[in-house]
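Below are the chains, spelled out letter by letter.
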Amino acid sequence: MSNDATVSYEEEIDHILIWLDRTIGEPGAYIHLKGAFSSSSDPKHALPVKLIDSDYDKILRISGPVEVNFDGVQFLLAAFTEIEPCIECFKNFQHKRIFFIVSGSLGRTAVPQIFEACPNAFNDPLTDEKYESIYVYCHNTQYQADWICDYIGYIQIFTHDGDLLARMLRDIGNYFVMIGKRLLEDDPLDYEAAYHRLSWAHELYQRHCKLQGVSLKPEFEELNELIQNAEDGIKDAQSDADD
C-alpha cells in the first residue's frame, strides 16, 4: 500500500483549525500560512487548487467550518475576524481536536473567554495533558507577555507566519502519530484508521523538514515502522476475510 496522505478515507473529520484575526482577508497577510491551504481534494478531479484571498473572504462569511486541504491532509477550517462568533465555534466543535491561530491583539481577549466557555478544549480527553496548540501571531512578543504567561503549556508565540506554519505542521503530525498509536493498541484494532493518520503525519513531517531544513530521522524511523505495522494489519485482515 502506498504511503499517500491524500487517499480518500470515509470518516468524519475530527480535527479543526480555528483562525481568528482581523487581517485574514487582506492581501499580503499570512502569505506562508495561506499557501498551505487548498480546496478540498476530490478523487474524481485534478489536484486541489490553492486558496486565494477571495476564497478567504468567502470562508469568513460562512458561519461554520469548511473542508479544506492543509498540506495534503483533509481539515476543517473556520476563520473569523470577530471574537463572538469564534467563541460560538469553539462551543460547537470543542469535541474535536482544535488547533487555534489568533493574533496577539485579539488573543488577549479571546483566549480567556475560550477557556471560560470551553475549559477542556486544549486538553487530551484521555490523559488531561495540555495541548500546546494555541498559536499566537504578533509583531512584538513583549506586548503579549503579560497575558500569555497565564496560559503556559497551551500557547506558542510567533512573529513570522512561516515559523508558525512549520511548528504547526510538526505539532499536527505529532498528534496524528499519537492517535495512530492508540488505534494500533485499541481493542478492537483499527488498522485502516491508524494507517491514514500515520500517513498524514508522514506528509506533515516531510513538509516541516522542507521548511526548516531538518531531517527528523528518529521520528521518521518510528513512523515508518508504525505505518508498516498498520499495512501488515490491513493485509492480514483482508486475507482473513478472503478465507
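Residues numbered from 1 in each chain as written. Predicted model: local features only at pLDDT ≥ 70, side-chain atom pairs only at ≥ 80, totals over all residues. Heavy atoms only, no water.

Along its length, the chain carries 8 helices and 7 strands. Taken along the three principal axes of its C-alpha coordinates, the chain extends 60 × 40 × 35 Å. Considering only intrachain contacts with a sequence separation of at least 6, the fraction spanning at least 24 residues in the chain is 65%. In the structure as shown, the chain presents an accessible area of about 12300 Å², 49% of it carried by carbon and sulfur atoms. In the chain, 20 positive and 42 negative side-chain charges are present, and the distance between their average locations comes to 6 Å. (Helix = DSSP H or I, 4+ residues; strand = E, 2+ residues; numbered from the N terminus. Contact = heavy atoms within 4.5 Å. Areas by Shrake-Rupley, 256 points an atom, 1.4 Å probe, with all protein chains shown as cover. Lys, Arg positive; Asp, Glu negative; His and termini not counted. Charge placed at Lys NZ, Arg CZ, Asp CG, Glu CD.)

Attention now moves to the packing of helix 6 (residues 161-185) against helix 7 (residues 191-212). Two elements in contact, helix 6 and helix 7, have axes separated by 8 Å at closest approach and are oriented at 155°. Looking at the two axes, helix 6 sits roughly antiparallel to helix 7. The way helix 6 lies across helix 7 gives a crossing that is left-handed. Its residues assigned to classes, the contact of helix 6 with helix 7 comprises 18 nonpolar, 5 polar and 4 charged. (Axes fitted to C-alpha atoms, helices over the stretch in contact; angles between N-to-C directions. Parallel < 35°, antiparallel > 145°, perpendicular 65-115°, else oblique. Left-handed = near helix turned anticlockwise from the far one by under 90°. Nonpolar A, V, L, I, M, F, W, Y, C, P; charged D, E, K, R; others polar.)

Two quantities define a packed helix pair, namely the angle between the axes and the distance from one axis to the other. At a minimum axis separation of 10 Å, helix 3 (residues 83-93) and helix 4 (residues 104-117) run at an interaxial angle of 30°. With respect to their mutual orientation, helix 3 and helix 4 come out roughly parallel. Helix-helix and strand crossings are classified by hand; for helix 3 and helix 4 the assignment is right-handed. Where helix 3 abuts helix 4, its residues Ile83, Ile87, Phe90 and Lys91 lie against Leu106, Thr109, Ala110, Gln113, Ile114 and Ala117. Among the residues forming the contact of helix 3 with helix 4, the class breakdown is 7 nonpolar, 2 polar and 1 charged.

Attention now goes to the pattern of salt bridges. Side-chain pairing between opposite charges can occur once the charged atoms of the two side chains come close. Under the criterion given, the structure shown has 10 salt bridges. When the shortest N-O distance is used, the salt bridge between Lys96 and Glu12 registers 3.1 Å. Residue Lys96 is found in the loop between helix 3 and strand 5 (97-103), and its partner Glu12 is found in the segment before strand 1 (15-20); the two are separated by 84 residues along the sequence. With relative accessibility at 7%, the residue Lys96 sits in the buried group. Of the charged contacts, one joins Arg22 and Glu82 as a salt bridge, the two residues approaching to 3.6 Å between their closest N and O atoms. (Salt bridge = Lys/Arg side-chain N within 4 Å of Asp/Glu carboxyl O. Buried < 20%, exposed > 50% of the residue type's maximum accessible area, 1.4 Å probe, protein only.)

For the bond from Asp187 to Pro188, the omega torsion is 5°, close enough to zero to count as cis. Positionally, Pro188 belongs in the loop between helix 6 and helix 7. Here Tyr30, not a glycine, exhibits a phi torsion of approximately 55°, which is positive. In this fold, Tyr30 is placed in the loop between strand 1 and helix 1 (31-34).

Looking at the secondary structure, you find Ile98 in strand 5. Given a relative accessible area of 0%, Ile98 falls into the buried group. Sequence spacing of Ile98 and Tyr151 is 53 residues, and the spatial spacing of their C-alpha atoms is 16 Å. Beyond its immediate sequence surroundings of up to four residues, Ile98 is in contact with Ile16, Ile18, Phe90, Phe93, Phe122 and Ser133.

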